[in-house]
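Notes for the structure review
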Amino acid sequence: MSSRLRILGALEEAEGHISGQALATKLGITRAAVWKHVAALKRAGYEIEGVRSLGYRLVSAPDTLTEMDIGCHLETRSLARRLVLLDRTASTNDDALRLGREGAPDGTVVLAEQQSRGRGRLGRSWVSAPRRNLYMSVLLRPVIAPVDAPQLSLVAGLALARAVEELGVEAQIKWPNDIVVGGRKLAGILTEIEAEADRVGHVVVGMGLNVNSQASEFPAELQSRATSLRDQLGAPLSRAMVLATVMRNFESCLDVFVDGGFAPLAAAWQQRSSLQGRDVEIVGVASSWRGRCAGIDWDGALLVQDERSAQVERVVAGDVTVAGGYRA
Ligand code: BTN
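Conventions used here
Residues numbered from 1 in each chain as written. Predicted model: local features only at pLDDT ≥ 70, side-chain atom pairs only at ≥ 80, totals over all residues. Heavy atoms only, no water. Helix = DSSP H or I, 4+ residues; strand = E, 2+ residues; numbered from the N terminus. Buried < 20%, exposed > 50% of the residue type's maximum accessible area, 1.4 Å probe, protein only. Contact = heavy atoms within 4.5 Å. Near = heavy atom within 4 Å. Polar contact = N/O pair within 3.5 Å; in protein donor to acceptor, adjacent residues only side chain to side chain. Areas by Shrake-Rupley, 256 points an atom, 1.4 Å probe, with all protein chains shown as cover. 1 Å grid on protein atoms, 1.4 Å probe; cavity = no way out; pocket = protein on both sides within 12 Å on 5 of 7 lines; lining within 4 Å. Sits in = over half its atoms within 2 Å of the grid points. Nonpolar A, V, L, I, M, F, W, Y, C, P; charged D, E, K, R; others polar. Core = buried A, V, L, I, M, F, W, Y, C linked by side-chain atoms within 4.5 Å. Pairing = 2+ DSSP bridges. Axes fitted to C-alpha atoms, helices over the stretch in contact; angles between N-to-C directions. Salt bridge = Lys/Arg side-chain N within 4 Å of Asp/Glu carboxyl O.

1. Looking at the environment of Arg117
By secondary structure assignment, the location of Arg117 is in the loop between strand S4 (109-115) and strand S5 (134-140). Take Arg117: its relative accessible area is 57%, and that puts it in the exposed class. Taking the C-alpha atoms as reference points, Arg117 and Asp198, separated by 81 residues in sequence, lie 32 Å from one another. Sequence-distant contacts of Arg117, that is, excluding residues within four places in its chain, are made with Thr89, Ala90 and Ser91.

Here it is in structure tokens:
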């Protein structure tokens, strides 16, 4: 880790001021070097107060997504340790899929400040307002059977829900992986898999998380259907800190999944399900049908009791809405 990053970490950690000498000792560098790094951090937009008798205090950090901003929050072993930071791109999922084909390592994260063609599930688009939210794609090379790879979407959904809970927002998961608060969408996940018959080549888990967009900034048609962490908490958040919280939760859920499959995560997932016990409509390619949501199976399939036959059916794909047009 660079000295600059360690200074930032020490300033973040300090409750109040920390002296130049204490920083120098902690990092094993001279006070003059500390001064130089602090000056560079100020130039990068960090507001750092210097009081002669007390030392330095971090007043505010810019809401940028540089290696430094992210690095000082990141606590993962491998996720996001390799970052590809883009100002603008068509879709971070496309970039991550390409990097996957080119051999980029497991855990690589592509992050963009804006996307011109952000993609959602079922051929929808993902509105990507510049510099407000998180648009990120995680490249994974899990040693799992191709048939289990779609479960990564549910694993990512649980991780996102846990991360936003840590940040103070009670979220639910709408099967398979929308993160909703009070019926409004806070985040979406698009998982894309490149596999051979018996082997997963690579998987890209793309996440769009509304962090600092305000309700009025969403397009008119989304204003009653979307929300952001800022909307929910009443204050903006550091996107770098939010990203690090998501990655830490994703890594710990992934560890459990790679070890024991989805089953050990199913109860935690189901606890947060927005469809539990609700009357739902399953919209398939050829037909649609209705039933009552009875939970999820050990592998993440949605269990729905068909209203006509009373049989509990496993739903593995498709769009699910709450019957009667009520938002889940
Ligand atoms: C959905 O809810 O339909 C899924 C939305 C996924 C959006 C994210 S934003 C980052 C990544 N890049 C994309 O083009 N899509 C995903």
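2. Considering the site of the ligand
Surrounding the ligand, one finds 20 residues, the nearest of these being Ser91, Gln115, Arg119, Arg121 and Lys185. Ser91 has a polar side-chain atom sitting 2.7 Å from an oxygen atom of the ligand. Here an oxygen atom of the ligand and a backbone polar atom of Arg121 are 2.6 Å apart. Compared with its free state, where it exposes 410 Å², the ligand has 98% of that area covered by protein. With respect to the pocket detection grid, the ligand is positioned in the largest pocket. Within the residue set of the shell around the ligand, elements represented by two or more residues are helix H5 (92-101), S5, strand S8 (184-195) and strand S9 (200-209). Looking at the shell around the ligand element by element, the count peaks at 4 residues for S8. Looking at the shell around the ligand, its residues break down into 6 nonpolar, 10 polar and 4 charged.

3. Regarding helix H9 (residues 263-271)
Those residues of H9 not exposed but buried are Leu265, Ala266, Ala268 and Trp269. Where H9 is buried, its residues meet helix H6 (151-166), strand S6 (172-174), helix H8 (239-260) and strand S11 (288-296).

4. Describing the nonpolar core
If you look at the biggest cluster of nonpolar residues, it comprises 68 residues, and the most contacted ones within it are Leu209 and Phe250. Counting residues in hydrophobic clusters, the runner-up holds 18 residues, among them Ala10, Leu23, Leu27 and Cys72.

5. Examining unusual backbone geometry
Only a minority of non-glycine residues have a phi that is not negative, and only a minority of peptide bonds are not trans. Following Trp175, the chain continues to Pro176 via a peptide bond in cis, the omega torsion being 5 degrees. Take Pro176: it is sitting in the loop between S6 and strand S7 (178-181). Unlike most non-glycine residues, Ala310 shows phi in positive territory, near 65 degrees. Assignment of secondary structure puts Ala310 in the loop between strand S12 (302-306) and strand S13 (312-315).

6. Considerations on the environment of Ser224
When you line up the elements, Ser224 lands in the loop between S9 and helix H7 (229-233). With relative accessibility at 40%, the residue Ser224 sits in the partly exposed group. For the pair Ser224 and Gln214, spaced 10 residues apart in sequence, the C-alpha to C-alpha distance is 12 Å.

7. Things to note about the sheet that holds strand S10 (residues 279-283)
Strand order in this open sheet of 5 strands is S13-S12-S11-S10-S14, and the pairing throughout is antiparallel. Strands at the two margins of the open sheet, each flanked by one partner only, are S13 and strand S14 (319-322). In this sheet, neighbouring strand axes are inclined to one another by 45 degrees on average, regardless of whether the strands run parallel or antiparallel. Examined bridge by bridge, S11 and S12 share 5 bridges and lie antiparallel to one another. Looking across to S12, one finds that Arg292 is bridged to Gln305.

8. A closer look at the pattern of salt bridges
Considering all chains together, one arrives at 24 salt bridges under this definition. When the shortest N-O distance is used, the salt bridge between Glu113 and Arg239 registers 2.8 Å. On the criterion of sequence distance, the pair formed by Glu113 in strand S4 and Arg239 in helix H8 is long-range, its members being 126 residues apart. Here the salt bridges share partners, and the residues they tie into one network are Asp63, Glu113 and Arg239.

Coordinates in, geometry out; function isn't part of it.
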